[in-house]
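Results of the structural survey
Chain by chain, the residues run as shown.
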Amino acid sequence: MPCRNSGVPQGQGANLVAVAAALSVWIGQGKTADELAILASLFDLMRSNLALMALNAVSDERPQGSGGQAQNAGDETRRILLDATAAGTP
């Protein structure tokens, strides 16, 4: 099953991970444990909201079959992602 084009060329994923790690270290320098916990919560909330927006965008794009039922093999994956997003991460 081909991946959807995310706008990021293949091979760029590792670069994005490295940039995220460097940005985390830069933002976290000189912060107390409490400040880091607040920042972590903020970015976790942003992650959850972005994931929900992505799920919504996918549901808006997918074709509807008879009776309004979505005809897409990725529905189970979306349901799992939505459940995980709603539950949060430890």
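Residues numbered from 1 in each chain as written. Predicted model: local features only at pLDDT ≥ 70, side-chain atom pairs only at ≥ 80, totals over all residues. Heavy atoms only, no water.

1. Notes on the overall build of the protein
Check the secondary structure of the protein and you find 3 helices and 0 strands. Order of helices (α) and strands (β) in the protein, N terminus to C terminus: α-α-α. Across the 90 residues of the protein, 9% fall into the buried class. Accessible area of the protein: about 7300 Å², with a carbon and sulfur share of 64%. (Helix = DSSP H or I, 4+ residues; strand = E, 2+ residues; numbered from the N terminus. Buried < 20%, exposed > 50% of the residue type's maximum accessible area, 1.4 Å probe, protein only. Areas by Shrake-Rupley, 256 points an atom, 1.4 Å probe, with all protein chains shown as cover.)

2. Focus: the pattern of salt bridges
If you walk through the whole model with that rule in mind, you get 1 salt bridge. Residues Asp 44 and Arg 47 are paired through a salt bridge, measuring 3.0 Å at the closest nitrogen-oxygen approach. Of the two residues, Asp 44 and Arg 47 are both situated in helix α2 (residues 33-61); the distance of 3 residues between them amounts to about one turn of the helix. Under the relative-accessibility criterion, Asp 44 is labelled partly exposed at 26%. (Salt bridge = Lys/Arg side-chain N within 4 Å of Asp/Glu carboxyl O.)

3. Some points on the environment of Arg 79
Inspection of the secondary structure assignment puts Arg 79 in helix α3 (residues 75-87). Separated by 24 residues in the primary sequence, Arg 79 and Leu 55 place their C-alpha atoms 9.1 Å from one another.

4. Some thoughts on helix α1 (residues 13-28)
Here α1 spans 22 Å end to end across 16 residues, near enough to the 22 Å set by a 1.5 Å rise per residue. At the C-terminal side of α1, Gly 30 shows a positive phi close to 80°. (Expected span 1.5 Å × (residues − 1).)

5. Brief notes about α2
Taking 1.5 Å as the rise per residue, α2 with 29 residues should run 42 Å; its terminal C-alpha atoms sit 42 Å apart, in good agreement. Inspection of α2 places Ser 48, Leu 55 and Val 58 among the buried residues, and these make up the whole buried set.

6. Observations regarding the confidence of the model for the protein
Overall, the predicted model of the protein reaches an average pLDDT of 78, with 63% of residues at or above 70. Looking over the protein, one finds the lowest element-wise mean pLDDT in α3, namely 69, and the highest in α1, namely 93. (pLDDT = per-residue confidence, 0-100.)

7. Quick word on a nonpolar patch on the surface
A cluster of nonpolar side chains, contributed by Leu 42, Phe 43 and Met 46, occupies part of the molecular surface with about 270 Å² of accessible area. Within the secondary structure, Phe 43 is located in helix α2. Taking relative accessible area as the criterion, Phe 43 reaches 42% and is therefore assigned partly exposed. (Patch = residues over 30% accessible without salt bridge, like charges linked within 9 Å, V, L, I, M, F, W, Y side chains within 5 Å.)

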